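# Survey of secondary and tertiary structure
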Amino acid sequence: MTAECGKSRLEVAKERLQAISSAFNFHHSFIEILKTVIGVESESENSDEESGNEDSTKEDANINLSDNEPETDKAVISMDGIANKVCLHNFETLQYMMGRPEFKVARKYNAKALDIVPDNFNALWNKVYILISENDSIKDDMLTNAENILQQLETVITKDKKLMLIAKAEVAGMHTLLQENLKTFLNSVALYEEILDELQEFSKQSLSDIENLVLIWKQDLVQNYARLTYGHKHERAIAMASDIVKELDHHPTIFDKDKARLWVNLAVIIQHCVPRYERQFDYSNIELSEFPTSEHCYRKAMKLDPENPRIFMQAGREQRKRAKTVPGLEEAVEWLEKAMEGEGMETVKEYLLHHIGLANQSLWQLTDNPEYRNIEDDYKFRKNSHNDNGPRLGSRVIKPPNHPLDFIQIPPPYKKLHKSTQWRFFNPIVRDINNRYYLRAIQCFEEAIRIGLEKCLYLTHLARLRSSALDLVKAGECLLEAEKEVLSDMVSPDAVGVSLYEYIGYHEETLMMQKGFEHKHAEKIKSFYRESIRQSTHNSWKPVVAFHHLLRILYKQLEDEGGFDGERDRMIAQDEYFLLYMAIQEAKDPRDILQTLTTTAPKIDLISRLIQAFHERNEEFDAEAGFTYFSVLAVFRKMKKIKIGAENNDVETKRILLELAERVARQRIEQPRYLRKEYRILYELIGEEAHQRELNSSSLDCKLAKLQEMKMKIVMTIIFPTMTVGCIRSMEQC
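Calculation notes
Residues numbered from 1 in each chain as written. Predicted model: local features only at pLDDT ≥ 70, side-chain atom pairs only at ≥ 80, totals over all residues. Heavy atoms only, no water. Helix = DSSP H or I, 4+ residues; strand = E, 2+ residues; numbered from the N terminus. Buried < 20%, exposed > 50% of the residue type's maximum accessible area, 1.4 Å probe, protein only. Contact = heavy atoms within 4.5 Å. Areas by Shrake-Rupley, 256 points an atom, 1.4 Å probe, with all protein chains shown as cover. Axes fitted to C-alpha atoms, helices over the stretch in contact; angles between N-to-C directions. Parallel < 35°, antiparallel > 145°, perpendicular 65-115°, else oblique. Left-handed = near helix turned anticlockwise from the far one by under 90°. Nonpolar A, V, L, I, M, F, W, Y, C, P; charged D, E, K, R; others polar. Salt bridge = Lys/Arg side-chain N within 4 Å of Asp/Glu carboxyl O. Polar contact = N/O pair within 3.5 Å; in protein donor to acceptor, adjacent residues only side chain to side chain.

## Observations regarding the overall build of the protein
Along its length, the protein carries 29 helices and 2 strands. Counting all 734 residues of the protein, 55% fall into the buried class. Summarising the internal contacts of the protein: among those between residues at least 6 apart in sequence, 73% fall at separations of at least 24. Put simply, the protein shows about 34100 Å² of open surface, and 49% of that area lies on carbon and sulfur atoms.

Next up, the structure:
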């Protein structure tokens, strides 16, 4: 081929290769994402500002850039075979082509892919890329080879839709090989959905030669739905997954173990989607009875693969959550204990002990008939709700006043907890200390603490059991230990920190009420409940009981008017009370309380007043309080709507946010609790700033501006920590 318009043959070849990729956005987009992950600047680089997350950097990427071959067992395709290997080899080729290219290694993986499937679209594209990118002094015969392949690819684009579907499916699989985060799962699922929709254009007979590939794509889509539905809404997941699983369950070429895995994934999707159906989407045209229950799915999976202990583990976990009777819970324990006896289950023994402990805890409550103690009974509120001059119970607040009210004018808390969360509000008191289920629960948690890594979770449960026996000293010791564990301030599927600080607050409140309500102690307790709320901004799908606890304490403080040092303190308590009162009042579901904090202008104005008041008063727990409400505003994209500070602009808002975060960092350094690395880095930057001010160099302003920028980035990382999307942790996978 001759040069065109003064361009060399090489330049023309490069343009043709780029055009082929651009013609198919799925291919072009994946390469741009790959470049971003491995550190190559790209004009098409996507911003994550909308999502509130900063995408993982090269260190977080699930890519092996060493000279050794990547692990081949990381492929996401559930069926082993040709498609699995080709997809993986193409992925390996691409990662060595981009960034700092290692074409020798890339050629090796590319040759492996072409040895298996010589006409594979992605492998041929990679081969041309290597040929024309390795150097500018390419030999004529190599260039001719590249041009011939380009001609072949252009023919495929216009004449062979099936090969393009295969190419698209490989890219869908590559997305979750690249990184397991929200973006990659969404991209992968979207591509697979497009592929299945496009398959409708083909007759069944015309697809006979790629039937096995279609089976792989469907299995992969169901697996990705299962990983995606935890903490993320996906409208098509349950209907699509259910149809696919029912279809493949009768397919003669799929192994029983693969069918079992499909049923497990469907169970996971159902247990995360069905309870949220009505509140997330309009499903008026769908009957939930059309879908099997998660229990049915697990029983199918256990029957298909009775030797897989991980299926019994997941089935036992779900049965433990759903069972309401002694036989049902005992069956859950039986399944979990059977899983613990399985081969290779030592690595998840702590997890199994945790769920066996929880099942026995539920069995104790069913068999011992414990007394349920409500801490509200210790509060003797004045009955102002029935006074002719005061508000009635359940009064609706639209816009609270900006001046102190007499207590009789303040509506009391009235909205009760949802029944699904009441067990976290009441503390059961054991009647028979020798109840075998109670003792077994304690034994399981103690063993899990001894051998496990996630001690924080187990210590929290053990503290609850100790409190049930009225052993508040040992309960307090467990909670102190739990605070030192990494999960106490870490984003995780269990939202451990939310429950931990909620229960620490409850424990401290119990201790306080044994002596009588006291304002100073109440301020400390409120800080624990606020910490639970702050951490719930990372896990907003978990109902937050702390709102109700905090509201109760604020109401008691407002009743005890003599406990305030002045009108400012009373006004702060009143503003926070009305903020929480309105949020709880408006929320239709306990998981919505957090979001309703910022849904109206009056509530945003209240948060603005509170942040400014906490910043100016600057007492022991005020910095954490202000930072909590700043976090809520940031997570729900309302930072630009607040009015804080004398200047009332973005600069002033950022200054106050930084000052509150710096105060929190200084406090955290001295506290015995686990210290996240971001707080330590922020503390070090504060020290560096002070050092630069002492030096007072000519470039001081420039250095201070740089430090301010670095500090703000760290603060945003604290507010928006990275969380891996995926409903099944590695220890839970079948």
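## Thoughts on the packing of helix H16 (residues 349-368) against helix H17 (residues 436-451)
For the pair H16 and H17, interaxial distance at closest approach is 7 Å and the crossing angle is 160°. The pairing of H16 with H17 is recorded here as roughly antiparallel in orientation. Between H16 and H17 the crossing geometry is left-handed. Residues Lys349, Glu350, Leu353, His354, Ile356, Gly357, Leu358, Asn360, Gln361, Leu363, Trp364 and Thr367 of H16 lie in contact with H17, whose contacting residues are Tyr437, Tyr438, Arg440, Ala441, Cys444, Phe445, Glu447, Ala448 and Ile451. For the contact of H16 with H17, the per-class residue count stands at 12 nonpolar, 5 polar and 4 charged.

## A closer look at the pattern of salt bridges
For side chains bearing opposite charge, pairing can occur when the charged atoms are close. Across all of its chains, the model carries 40 salt bridges by this definition. Close ionic contact of Glu154 with Arg16 constitutes a salt bridge, the shortest N to O distance being 2.8 Å. In this pair, Glu154 sits in helix H6 (residues 140-159) while Arg16 sits in helix H1 (residues 9-23), placing the two residues 138 residues apart along the sequence. Relative accessible area serves as the criterion here: at 25%, Glu154 is assigned to the partly exposed category. Assessed through its relative accessible area of 13%, Arg16 is described here as buried.

## Considerations on the packing of helix H26 (residues 622-635) against helix H29 (residues 700-719)
The description of two helices packed together rests on the angle between their axes and the distance between the axes. The N-to-C vectors of H26 and H29 enclose an angle of 80°; their axes lie 10 Å apart at closest approach. It follows from the interaxial angle that H26 and H29 lie roughly perpendicular. Between H26 and H29, the contacting residues are Phe627, Ser631, Ala634 and Val635 on the first element and Val715, Ile718 and Ile719 on the second. A class-by-class count of the residues in the contact of H26 with H29 yields 6 nonpolar, 1 polar and no charged.

## Structural notes on the side chain of Lys711
With respect to the secondary-structure elements, Lys711 resides in helix H29. Its relative accessible area of 1% is what places Lys711 among the buried residues. In terms of polar contacts, Lys711 uses its side chain to reach the side chain of Gln708, at 2.8 Å. If near-sequence neighbours (up to four positions away) are discounted, Lys711 is found in contact with Leu658, Glu662, Leu682, Leu685, Ile686 and Glu689.

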